[in-house]
Amino acid sequence: MTTTVVELWTEEPLVRYVGQASARLVVIMTPAGQVLAQHGFAKAVDLMGIAALGAAIMASSGALADLVGEATFGALFHAGVRHGIHLAPCRTPRGPLVVLTVFGRETSIGLVEFFFDEFAAALHAAAPAEQARGPVLAENFEAELGSSLAALFGR
Amino acid sequence: MSLVNFTTREITCKIVYYGPGRSGKTTNLQYIYSQVPDDRKGRMVSLATQTDRTLFFDFLPLDLGSISGFTTKFQLYTVPGQVYYNATRKLVLQGADGVVFVADSQARQLDENIESLQNLHLNILEHGVDVRTLPMVLQWNKQDLPRDLILSPQELDDALNFRTLPAFPADALHGSGVFETLKAISAEVLRRLSQTSSGGRD
């Protein structure tokens, strides 16, 4: 099973959580659905779809909470025949995050919830403050973008 | 804000197709999906009603390949255009790195275009983003319809493009203008990454 991280500070807490909770798939994402770290996915584009749906569920749940006068509904849990999912918010110095955990029969929602609390605390402790960022792309990136898109559209 | 992974040299950007109901936002994504090879796209997710109207969003992940040494991925979203779905529109707009406003060129749809554009500005503002700093392009869709039913690109420019944003005539059903629109918004979004910026993230 692969673990990939966009921001290194997420790696150690993620690896520990996956082991403790016996999770099959875990995605750490921003509320906008951008993936910060993941465990268990082989194909990045599938991961993006799952992150988009997870973030959407969390966002609509938050909007519903607001409508009925609740600050938040906290974690969500869905049980299936072979898999369960646990979806929960997590506050860090880098801003709010959303964590989606997919687990099977080798563990339970109780264990996932128990270790998620430790995981959320570990993420909060590990997250550095926001940093300024310099230029990422070269100034002449547009030629490469043009040829990449042309190839994508078979032109 | 675009997510940049310096370790694996990857960039991920979120682009939202916005506009009034039935202007062709989903059609844009469907055309892109039909043109892109399987190994460069993920599954297109559509949360739609039984009559295929977008209920929450459509989502299409694309792998653009390497740009300046960074593997660049785009997440394309649409919003539901109908007026009463504003709550979900606002949720989808959260964290957008760029917006494509898809206008319906039919003359009788002008008021809906204006209302949707105003709604876009309001929702962006409510997310605490200055609309002038958000990369945006306009698309005048359905330009293939009979001339007497539609407004010309110049007339649409006069009515809707008061910020002189890049604008493209299109026939999304048959693909005309779709590629040009995607290319323009991609360039606008990535241009911000070639400039010095803060590392803020939504």
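For the structure itself, look to the data block above.
Keep in mind the model is a prediction, meaning the values are calculated, not measured.

With respect to the overall build of chain B
- Counting its secondary structure elements, chain B contains 5 helices and 9 strands.
- Helices (α) and strands (β) of chain B occur, in sequence order from the N terminus, as β-β-α-β-β-β-α-β-α-β-α-β-α-β.
- Taking the principal axes of its C-alpha atoms as reference, chain B extends roughly 55 × 35 × 30 Å.
- When burial is assessed residue by residue, chain B has 59% of its 202 residues classed as buried.
- Residue pairs at least 24 apart in sequence account for 69% of intrachain contacts in chain B once pairs closer than 6 positions are excluded.
- Roughly 8400 Å² of accessible area belongs to chain B as shown, and the carbon and sulfur atoms make up 51% of that amount.

What about the overall build of chain A?
- A count of helical and extended segments in chain A gives 4 helices and 7 strands.
- When its helices and strands are written in sequence order, chain A yields β-α-β-β-α-β-β-β-α-β-α.
- C-alpha atoms of chain A, sized along the principal axes, occupy 50 × 35 × 35 Å.
- In chain A, buried positions account for 49% of the 155 residues.
- Of all intrachain contacts in chain A linking residues separated by at least 6 positions in sequence, the fraction that spans at least 24 positions is 55%.
- Within the structure as shown, chain A displays about 7200 Å² of accessible surface, and the carbon and sulfur contribution to it stands at 59%.
- Side chains of chain A give 9 positive and 14 negative charges; the mean places of these two sets differ by 8 Å.

Here's the deal with the nonpolar core
- Of all hydrophobic cores here, the largest spans 39 residues; its most connected members are Ile11(B), Tyr17(B), Ile32(B), Leu62(B), Leu76(B), Leu182(B) and Leu190(B).
- Of all the secondary-structure elements, those providing two or more residues to this core are α4 (141-152) of chain A together with β2 (10-18), α1 (25-35), β4 (54-67), β5 (70-78), β6 (98-104) and α5 (178-193) of chain B.
- Contacts of Leu190(B), omitting those with residues within four sequence positions, involve Leu137(A), Phe141(A), Leu145(A), Ile11(B), Cys13(B), Ile67(B), Thr72(B) and Phe74(B).
- If you look at the next biggest cluster of nonpolar residues, it comprises 31 residues, including Met48(A), Tyr18(B), Phe101(B) and Leu134(B).

Structural notes on the packing of aromatic side chains
- Within the structure shown, the criterion is met by 9 aromatic pairs over all chains.
- Considering the side-chain rings of Phe153(A) and Phe179(B), the 4.9 Å spacing of their centres and the 65° angle between planes classify their relative orientation as edge-to-face. Of this pair, Phe153(A) sits in the segment after α4 while Phe179(B) is found in helix α5, placing the two residues in two different chains. The same class applies to Phe153(A) and to Phe179(B), which are both buried.
- Through pairs of rings, three or more aromatic residues link up here, namely Phe56(B), Phe57(B), Phe59(B) and Tyr77(B).
- Directly above the aromatic system of Phe70(B) lies the positively charged group of Arg9(B), at a separation of 4.2 Å from the ring centroid.
- Sitting above the plane of the Tyr77(B) ring, Lys14(B) keeps its charged end 4.7 Å from the centroid.

Observations concerning the sheet that holds strand β6 (residues 95-103) of chain A
Residue and element names in this part refer to chain A.
- One open sheet holds the 6 strands; their spatial order is β1-β3-β2-β6-β5-β4, and the pairing between them is antiparallel. Of all strands in the sheet, those with a lone pairing partner are β1 (3-5) and β4 (76-79), marking the two edges. Ignoring which end each strand starts from, the neighbouring axes of this sheet average 15° apart.
- As defined by bridge partners, strand β5 (residues 84-92) adjoins β6 across 9 bridges and the pair is classed as antiparallel.

Section: the pairing of strand β2 (residues 23-29) of chain A
Residues and elements named next belong to chain A.
- Across the 7 residues of β2, 5 count as buried, placing the element largely inside the fold.
- With 6 bridges connecting them, β2 and β6 associate as antiparallel partners. Bridging from a neighbouring strand, Val-27 pairs with Leu-100 of β6.
- The sheet contact formed by β2 and strand β3 (residues 35-39) spans 4 bridges and is antiparallel. From the neighbouring strand, Val-27 faces β3, where its bridge partner is Gln-38.
- Counting the residues in the hairpin turn of β2 and β3 gives 5 residues, including Gly-33, whose phi is positive at 90°.

Examining unusual backbone geometry
Residues and elements named next belong to chain B.
- One non-glycine residue, Lys-142, lies in positive phi territory at about 70°.
- Counting through the fold element by element, Lys-142 comes out in the loop between β7 (136-141) and α4 (153-160).
- At Thr-164, a position not held by glycine, the phi torsion is positive, near 45°.
- Relative to the helices and strands, Thr-164 resides in the loop between α4 and β8 (167-169).

Examining the side chain of Thr10(A)
All names here are of chain A.
- In this structure, Thr-10 sits in the loop between β1 and α1 (11-21).
- Among the polar contacts listed, one links the side chain of Thr-10 to the backbone oxygen of Glu-7, at a separation of 2.6 Å.
- Setting aside residues no more than four positions away along its own chain, Thr-10 makes contact with Val-5, Ile-28, Leu-36, Ala-37 and Leu-123.

A word on helix α3 (residues 109-126) of chain A
Residue and element names in this part refer to chain A.
- Counted at 1.5 Å a residue, the expected span for α3 with its 18 residues is 26 Å, and the 25 Å between its end C-alpha atoms agrees.
- Residues of α3 that are buried include every one of Val-112, Phe-115, Phe-116, Phe-119, Ala-120, Ala-122 and Leu-123, and no others.
- Of the surrounding secondary structure, the elements contacted by the buried residues of α3 are α1, β2, β5 and β6.

The rules behind the values
- Residues numbered from 1 in each chain as written.
- Chains lettered and ligands numbered in written order.
- Predicted model: local features only at pLDDT ≥ 70, side-chain atom pairs only at ≥ 80, totals over all residues.
- Heavy atoms only, no water.
- Helix = DSSP H or I, 4+ residues; strand = E, 2+ residues; numbered from the N terminus.
- Buried < 20%, exposed > 50% of the residue type's maximum accessible area, 1.4 Å probe, protein only.
- Contact = heavy atoms within 4.5 Å.
- Areas by Shrake-Rupley, 256 points an atom, 1.4 Å probe, with all protein chains shown as cover.
- Lys, Arg positive; Asp, Glu negative; His and termini not counted.
- Charge placed at Lys NZ, Arg CZ, Asp CG, Glu CD.
- Core = buried A, V, L, I, M, F, W, Y, C linked by side-chain atoms within 4.5 Å.
- Phe/Tyr/Trp six-rings, centres within 6.5 Å; stacked < 30°, edge-to-face > 60°.
- Lys NZ or Arg CZ within 6 Å of the ring centre and 35° of its normal.
- Pairing = 2+ DSSP bridges.
- Axes fitted to C-alpha atoms, helices over the stretch in contact; angles between N-to-C directions.
- Polar contact = N/O pair within 3.5 Å; in protein donor to acceptor, adjacent residues only side chain to side chain.
- Expected span 1.5 Å × (residues − 1).

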